[in-house]
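Architecture at a glance
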Amino acid sequence: MRKIDLSNFQIATSGTAREVNRRIVLNLIRAHNAISRADLARKTGLQRSTVSLIIEQLMTEDWVVEGMVGYSARGRKPTYLRLNTERLGVIGVNLRPYSTTIALADLNANFRAQESLPTPPTPELFLREVTRRINNLRQSHSGLTCEGIGVCLPGRVDLGTQKLVFAPNLGWEDVDLKTPLEAATGLPVALENAANACALAEIWFGRSEGVRDLAIVTVSEGIGTGFVLNGQLVTGPTGRAGEFGHVTIDPEGPPCKCGNRGCWEVFASNTATTAYYRQIMPTHRRGHRSNAAIPEPTFEDVLRLAELGDPCASEALERMAGYLGVGVAMVATALEPSLIVLVGEVTRAWSRIGPIIKKTMAERCPLKGATRVSAADDALQPRLRGTVALIIQKHFGAPAVA
Ligand SMILES: [Zn+2]
């Protein structure tokens, strides 16, 4: 139970009650995807006439449509209601340091179209290119009405200014992406850290629906973490909470882009792993005279080589997995989420790295058995689903209360 904040509260009006009831009805329709007005009245305890009024409003606003007609032995046959996924859509933008993906999805996070581009080097070029592509995408799917643009980023978004702050792997500082994107597209824009967005995707679209304490670890160029605790996304007072990737695990460790040394991400990220591969390779392949002859491998290369049985790539991934285990144990010990989900390309090698992460965690975590660790399915594009969740939650989430 939350204590009422006496410096920032809103008293309940009949409008608040209506909004709460409307969202409960909308969520029941989403959960069942074919439900009659009578069943909605039974499940909510609301009067049939109240349910009918809410449905009328939801249909006027295009959120809900009537579908199949059901069977009834006597009396009127019920008409089933479902979400209007054919009409309403969401634009998602997954911004990463090297590549950006733009997608158009329906309300269930099924992607209708998507395209990727190398991330433009400056925020100005990024905004210009992304706006152009979003406008093209909307024009080619003019049957869909877009409810908003969700953007996930490798950084933190300040809760007050909505500016991108602390994005060491992107190198952009104190940037306003929201205002120009809203002005250029006429759509509301929601920005969120990638790990937080993935946490929301698990809650709204994942296998974790119903889980109230969840941690996400995004493993990419750096490491991000996002938390839903007691059913609520953890932001901290400014929006920067959850930076376990920049917690020091070795004070004498290599320098990190954040300015510190020995952060978790300099040991366990994709970037760290390609560096391990480069270090390990010459000792295995004596034929090479110098590193200069070896082309720079990408993390994708390391994954592919490990799959082909390359011992250097396997060793690099196993070293990464050990360090992932160290950090996952830290997260589990600090917050005891019931579930920690890893997100990223590395999850494709889960059969290799999963057991190492779990073993390291079991050795280091003094709380035994309270937290499960699993991998998100990389093929489901968890980051992009997170961008859809950012818009969905505004319409389906519980309204803000005192
Ligand atoms: Zn750092």
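Conventions used here
- Residues numbered from 1 in each chain as written.
- Predicted model: local features only at pLDDT ≥ 70, side-chain atom pairs only at ≥ 80, totals over all residues.
- Helix = DSSP H or I, 4+ residues; strand = E, 2+ residues; numbered from the N terminus.
- Rg over C-alpha atoms; globule rule 2.2 N^0.38 Å.
- Buried ≥ 20, exposed ≤ 12 C-beta atoms within 10 Å, placed from the backbone.
- Contact = placed C-beta atoms within 7 Å.
- Axes fitted to C-alpha atoms, helices over the stretch in contact; angles between N-to-C directions.
- Parallel < 35°, antiparallel > 145°, perpendicular 65-115°, else oblique.
- Nonpolar A, V, L, I, M, F, W, Y, C, P; charged D, E, K, R; others polar.
- Expected span 1.5 Å × (residues − 1).
- Pairing = 2+ DSSP bridges.

Another aspect to go through is the overall build of the chain. For the chain, the count of helices and strands is 12 helices and 14 strands. A compact globule built from 402 residues should have a C-alpha radius of gyration of about 21 Å, and the chain, at 24 Å, falls within 12% of that. In terms of principal-axis extent, the alpha carbons of the chain reach across some 85 × 50 × 50 Å. Here the chain, with 402 residues, has 38% of them falling under the buried criterion. Of all intrachain contacts in the chain linking residues separated by at least 6 positions in sequence, the fraction that spans at least 24 positions is 64%.

Moving on, we get to the packing of helix H6 (residues 194-205) against helix H12 (residues 382-396). For the pair H6 and H12, interaxial distance at closest approach is 7 Å and the crossing angle is 75°. Considered as vectors, H6 and H12 are oriented roughly perpendicular to each other. Residues Ala-194, Ala-197, Cys-198, Leu-200, Ala-201, Trp-204 and Phe-205 of H6 pack against Pro-382, Arg-383, Arg-385, Gly-386, Thr-387, Ala-389, Leu-390, Ile-392 and Gln-393 of H12. For the contact of H6 with H12, a count of residues per class yields 11 nonpolar, three polar and two charged.

Here we take up H6. Along its 12 residues, H6 runs 16 Å from first to last C-alpha, staying within 8% of the 16 Å computed at 1.5 Å per residue. Most of H6 is tucked away: 11 of the 12 residues are buried. Residues of H6 that are buried: Ala-194, Ala-195, Asn-196, Ala-197, Cys-198, Ala-199, Leu-200, Ala-201, Glu-202, Ile-203 and Trp-204.

Of all nine residues in strand S6 (residues 145-153), eight are buried; the element is thus mostly enclosed. For strand S3 (residues 88-95) and S6, the ladder comprises six bridges, and the chain directions are parallel. By the bridge assignment for S6, Val-93 is matched with Val-151. Relative to strand S9 (residues 189-193), S6 is paired through five bridges, and the arrangement is parallel. Bridge pairing links Cys-152 to Glu-192 in S9.

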